[in-house]
Structures are given as structure tokens and as C-alpha cells.
Amino acid sequence: MTRLFIALLLLLSSSSFSQGNPFVINGSLPITTKKYNVLLTWNNGNGYEEAKLINGKFTIKSLIEAPVFATLTLQEINPPAGKEFNSLEFDRSMLNLFIDTGKISVVSKSFLNDAVVKGSKVVNEYNNYRRQIKPLSAIEMKLGEVYYDYKKQKNENAAKGIFSLYEKMLDLYYAEDVLFVKSNPASLVSFYLTKKALGQEMNAAKAEPMFLLLDAAIQNSEQGKEVKEMIEIGKRSMVGVIAADFTQPDTSGKIISLSSLRGKYVLVDFWASWCGPCRAESPTLVKAYNKYKTKNFEILSVSLDENKGRWLKAIKDDGYIWPQVSDLKQANDAALLYGISSIPFSFLLDPNGVIVGRNLRGAELEKKLETILK
């Protein structure tokens, strides 16, 4: 089980590191008076190369074992003191691409994110994918620009409205991803998009339809079988399925099973004392519990803590008064059961133990509870 947990943490980035066969990226951008470094990162930063942009040109060389998703970023050298963040400039200074062995050209007459990328088959396929989603990317950039303008003006309500539009765009991106996979079932880019849909949240509902569109050779490859296994694990937390049962000790050592809470709406919350985003969500959980605890609602918190003292202190500090369980292993058995590789993670059960919500946080959780617990 420990091996599987490690795989869940690592598989969504390529297993290759900076060794293997050579590649070279030759870039050409408009000449500017500003000085920039060009950063290339892959494998979540485990692969890294840097070059200077000189007269609009740069060259990056390194080694990879297999094609891999990567990001090029322009980083201004010695920017003016106190320079404010500019979302439009940030977006224009970043380019996602696939890198593969051999020569790759990155050419733009305007901004880095508008570059045409040419190279091997998979490099060209990802460039075609970028062209396919370009209209959506343009809308996203504009939304980002407006969002940061509202934030700058401290207009939080307007900023929230823009952010809600951005969340709706994720569904549009997903539709484009499915369309690409359907048209390119044998492409490594399609396999990458399928893994991206699965994500750290193990979203089998999105990943499985894409996986089934992939060419049989990809599905039956070693990595394909690993992704299929993770999809099957992810199904355990899909909306509409009965949640798999588990048992763990509470703070006093008493064994509590998930199934023992049948008959109530139950929010199963995976967290840890060392998890900042989890602790930030604490006020929302406390508010929800106090509001609905008399309306057939319960919370079961599952901690990934290893240190019991820190776990108990966090429970007290955050005001948790509902059932708390943990096996005091970071590779918590309940988390492994559901394929959880990042926290916070939660799902909401109806009185029959059927999952009716997934990763509901903040206002989204409040809205869902208000709807079902009137």
C-alpha cells in the first residue's frame, strides 16, 4: 500500500528526469530593451534549465528519457523596485509545451505565449492542441486581467463574480480536451490530458471517459495500466457511489467506522495539523457543524498526522468538537483507500452512504448543506 501511495503522488508528473537523450530548444522572440532569463522546467521542477535572452534569441540544451510536458518562462532581470504584479504580462511571459529529443524551435513575433513550437510529432501535436484552445486561453487571460483589477480596487464581490466565471471555464477546457483525445487517440498528448483530468483529486468521472477513448496500445502500456488503476481507486469517491467503509481509532482509541454514521448526512474531511489550506478551512467547518448538527448532519474528520500531540492541539485550537479519527500514519489507510494524494479532501454522504458531493469548500459547502438540510 505504501508503494501505491508513493505512485499516487508521483505518477501525474513524468517518471523521467534529466538523463537520457539530448534535446535543444532554439528560441526567437522580439528584441526588447529589458533583460530576461529564460527558464525551462519539467517534472514539477525536478528538471530545470536556464538561458539568457540575448538580442531576442535563446538556446536551451538538456537530456530527457521520454517526451514530457514542460513550461518556458521569461523572468525579468533586475526589475524596478516595487514593481506591481501584472496578470497580463505574467500570462504573456509563459509558454506550455512538450519537449522531446532532437531540435525544437520556439518562434514568436509578439509574446512568448503566442509562440509557434515545432519539433517531433508529439511536440507538434501539443502545439496543435494549444491552437485549439487559444480562444479559451484569450478569454481566460482577459478574466485574469479584470479579476486582478477588481482585487486591486478591493472590490471583493466583483472579484468573486469573475472567479466564478473562471471556474465555469474549466468545463469548457475539459470539453476541448475530450475533443482532442477523440481526434488523437494514439497521441501522448492525449494521455497527458487524461492524467491531467484525473489530477491529484483523483477525478475518475472526468478521466475515465477520456481514458476509454485512448488507443489500446496506450491503455495497455505500463503507465496506462497505472492510470487505469488510479481511475478505479478514484471511483470510490465519485458522486453517486456508496462510499467504501473504513474504521480508525478516535482520539481516545475508540474504533469508529464510517458505516456507523449511516442515517445522517456525513461530511468526511481529510486533513492534517500541518496542512495550511486545511486549517484555513476550519472556520467554515465549525460554522457548518454548529448550524446543522441538529439537522441530521455529522462530520467525520480523518487526520493524516503522525504526531498525536500536534493532532490533538490542532483539534483544540481549531474548535473541532465532532468525531476525529486517525491511524497516525501519513500514508493513512483511509486516504489510501480513496487514492487521496493531496489534502484538504472531502466528500459528502447522504443517509444511505451515497456520495452526493465532492471537495465542497467555503461558500460551495454552505450552499450545498443549505439545499439538502433545509
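Note that this is a predicted model, so its numbers are computed, not measured. (Residues numbered from 1 in each chain as written. Predicted model: local features only at pLDDT ≥ 70, side-chain atom pairs only at ≥ 80, totals over all residues. Heavy atoms only, no water.)

**Q** Which residues make up the packing of helix 6 (residues 188-198) against helix 9 (residues 222-234), and what values go with them?
**A** For the pair helix 6 and helix 9, the least separation of the axes is 11 Å and the interaxial angle reads 25°. Looking at the two axes, helix 6 sits roughly parallel to helix 9. Crossing hand, helix 6 versus helix 9: left-handed. Residues Phe191, Lys195 and Leu198 of helix 6 touch helix 9, and the partners they reach there are Gln223, Gly224, Val227, Met230 and Ile231. For the contact of helix 6 with helix 9, the residue count by class is 5 nonpolar, 2 polar and 1 charged. (Axes fitted to C-alpha atoms, helices over the stretch in contact; angles between N-to-C directions. Helix = DSSP H or I, 4+ residues; strand = E, 2+ residues; numbered from the N terminus. Parallel < 35°, antiparallel > 145°, perpendicular 65-115°, else oblique. Left-handed = near helix turned anticlockwise from the far one by under 90°. Contact = heavy atoms within 4.5 Å. Nonpolar A, V, L, I, M, F, W, Y, C, P; charged D, E, K, R; others polar.)

**Q** If you had to explain the sheet that holds strand 13 (residues 324-325) to someone new, which residues and values would you point to?
**A** Taken in spatial order, the 5 strands line up as 13-12-11-14-15 in an open sheet, and their pairing is mixed. The strands lining the two open edges of the sheet, one partner per strand, are strand 13 and strand 15 (355-358). Pairing of strand 12 (residues 297-303) with strand 13 involves 2 bridges; the strand directions are parallel. By the bridge assignment, Ser301 is partnered in strand 13 with Gln324. Contacts from helix 14 (residues 362-372) reach strand 11 (265-271), strand 12, strand 14 (345-349) and strand 15 within the one sheet, and its direction differs from that of strand 14 by about 10°. (Pairing = 2+ DSSP bridges.)

**Q** Quick rundown of the side chain of Ser326? Include the residues and the values.
**A** Tracing the backbone through its elements, the reader meets Ser326 in the loop between strand 13 and helix 13 (333-337). One polar contact links the side chain of Ser326 to the main-chain amide nitrogen of Leu328, over a distance of 2.9 Å. Ser326 has contacts with Gln248, Pro249, Ser303, Asp305, Trp311 and Asn332, leaving out every residue within four places of it along the chain. (Polar contact = N/O pair within 3.5 Å; in protein donor to acceptor, adjacent residues only side chain to side chain.)

**Q** Describe in detail the pairing of strand 12, supporting the description with residues and values.
**A** Within strand 12, 7 of the 7 residues are buried, which leaves it mostly tucked inside the rest of the structure. Regarding topology, helix 12 (residues 308-318) serves as the crossover connection from strand 12 to the parallel strand 13, and that connection is right-handed. (Buried < 20%, exposed > 50% of the residue type's maximum accessible area, 1.4 Å probe, protein only. Right-handed = clockwise from strand over helix to strand, strands pointing away.)

Without other data, these values stay purely geometric and don't point to any function.
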